[in-house]
Amino acid sequence: DIEALGVVNLGAIDELARLQERIDFLQEQQDDLRQGELSLHRIIDEIDQRMAHFFNEAFVEIGSNLQEVFSELFQGGKVLLRLTDPDHLLESGIEIIAQPPGKKLQNISLLSTGEKTLTAVALIFAILQYKPAPFYLLDEVESALDDVNLSRFTAYLKEAARSAQFILITHRRRTMEEADILYGVTMPEEGVSKL
């Protein structure tokens, strides 16, 4: 039986100690990673809670601003911002329910193109009221508006220009007529712009 065991490995004790040290090191590393993962999950949960709080605060204020801007642009009517999933703020979508004067309350997708555009412009200005900046760049936001709504838009823009600067890129003559400063850009050759 002793001969069947074979040659005695005299380095086995040292090898065991070395492997045990390596196992302990790896176990310690694994424990650190698990602690780090738990810590990250706690931080993510805390960030999610704060984001939900700030989002809800912004959502309520922007909804209030939107009603004000919408009423001014449409000269009446009402609009609502509604969460598609109020229980999960950070995953929820947002619906816009609008009622221009003389129409019924309906989803924005059922409005005419001009009404959709003016509602979207109202939302932009509602957001800008929430987090104002010194200047804004608007690129053809009024291109789908009819003449009546365009007049309302330009009047509102003139009023908003008292507290901020607006750079508006447009092809609409009526909008250009209301501008304080006008820059014309043409392209006499393909790819070459000229002021």
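That block above? That's the structure.
The structure displayed is predicted, hence computed values, not measured ones.

(A) Here's a closer look at a nonpolar patch on the surface. Side chains of Leu40, Ile43, Ile44, Ile47, Met51 and Leu90 sit close together on the surface and give an oily, nonpolar patch of about 520 Å² of accessible area. Note on placement: Met51 falls in helix α2 (residues 12–74). Residue classification places Met51 among the partly exposed positions, given a relative accessible area of 42%.

(B) Region of interest: the environment of Glu95. Summarising the element assignment, Glu95 is placed in strand β2 (residues 94–99). Under the relative-accessibility criterion, Glu95 is labelled partly exposed at 27%. For the pair Glu95 and Leu81, spaced 14 residues apart in sequence, the C-alpha separation works out to 5.8 Å. The residues touching Glu95, leaving out its near neighbours within four places in the chain, are Leu80, Leu81, Arg82, Thr84 and Asn107.

(C) Main features of the pattern of salt bridges. In the structure shown here, the tally under the stated rule is eight salt bridges. In this structure, Asp147 and Arg172 form a salt bridge, with 3.7 Å as the shortest nitrogen-oxygen distance. With Asp147 in helix α4 (residues 147–160) and Arg172 in the loop between β5 (165–169) and α5 (173–178), this pair connects stretches of sequence that are 25 residues apart. Asp147 sits in the exposed class, given a relative accessible area of 58%. For Glu178, the salt bridge goes to Arg174, with nearest N and O atoms at 2.7 Å. Taken together, the residues span about one helical turn, with Glu178 and Arg174 both in helix α5 at a distance of four residues. In this structure Glu178 comes out as partly exposed when scored by relative accessible area, which is 26%. Salt bridges sharing common partners tie together Arg174, Glu177 and Glu178.

(D) Molecular detail of the environment of Val60. Looking at the element boundaries, Val60 is found in helix α2. Given the relative accessible area of 52%, Val60 is considered exposed.

(E) Summary view of the sheet that holds strand β1 (residues 78–83). Read across the open sheet, the three strands follow the order β1-β2-β3; overall the sheet is antiparallel. If you trace the sheet from one side to the other, it starts and ends with β1 and β3 (106–107), each paired once. Across two bridges, β2 lies against β3 in antiparallel orientation. For Ile97, the partnering residue across the bridge sits in β3 and is Asn107. Packed onto the sheet, α2 meets β1 and β2 and runs at close to 160° relative to β1.

(F) Quick peek at the layout of surface pockets. The space that makes up the largest pocket amounts to roughly 860 Å³. When contributions to the lining of the largest pocket are tallied by element, the ones reaching two or more residues are α4, β5 and α5. Counting residues per element, the lining of the largest pocket draws most heavily on β5, which supplies five residues. For the lining of the largest pocket, a count of residues per class yields 13 nonpolar, seven polar and three charged. Reported here for the second largest pocket is a volume of approximately 200 Å³.

About the cut-offs
Residues numbered from 1 in each chain as written. Predicted model: local features only at pLDDT ≥ 70, side-chain atom pairs only at ≥ 80, totals over all residues. Heavy atoms only, no water. Patch = residues over 30% accessible without salt bridge, like charges linked within 9 Å, V, L, I, M, F, W, Y side chains within 5 Å. Areas by Shrake-Rupley, 256 points an atom, 1.4 Å probe, with all protein chains shown as cover. Salt bridge = Lys/Arg side-chain N within 4 Å of Asp/Glu carboxyl O. Helix = DSSP H or I, 4+ residues; strand = E, 2+ residues; numbered from the N terminus. Buried < 20%, exposed > 50% of the residue type's maximum accessible area, 1.4 Å probe, protein only. Contact = heavy atoms within 4.5 Å. Pairing = 2+ DSSP bridges. Axes fitted to C-alpha atoms, helices over the stretch in contact; angles between N-to-C directions. 1 Å grid on protein atoms, 1.4 Å probe; cavity = no way out; pocket = protein on both sides within 12 Å on 5 of 7 lines; lining within 4 Å. Points joined across faces, edges and corners; volume = space filled by probe spheres on them. Nonpolar A, V, L, I, M, F, W, Y, C, P; charged D, E, K, R; others polar.

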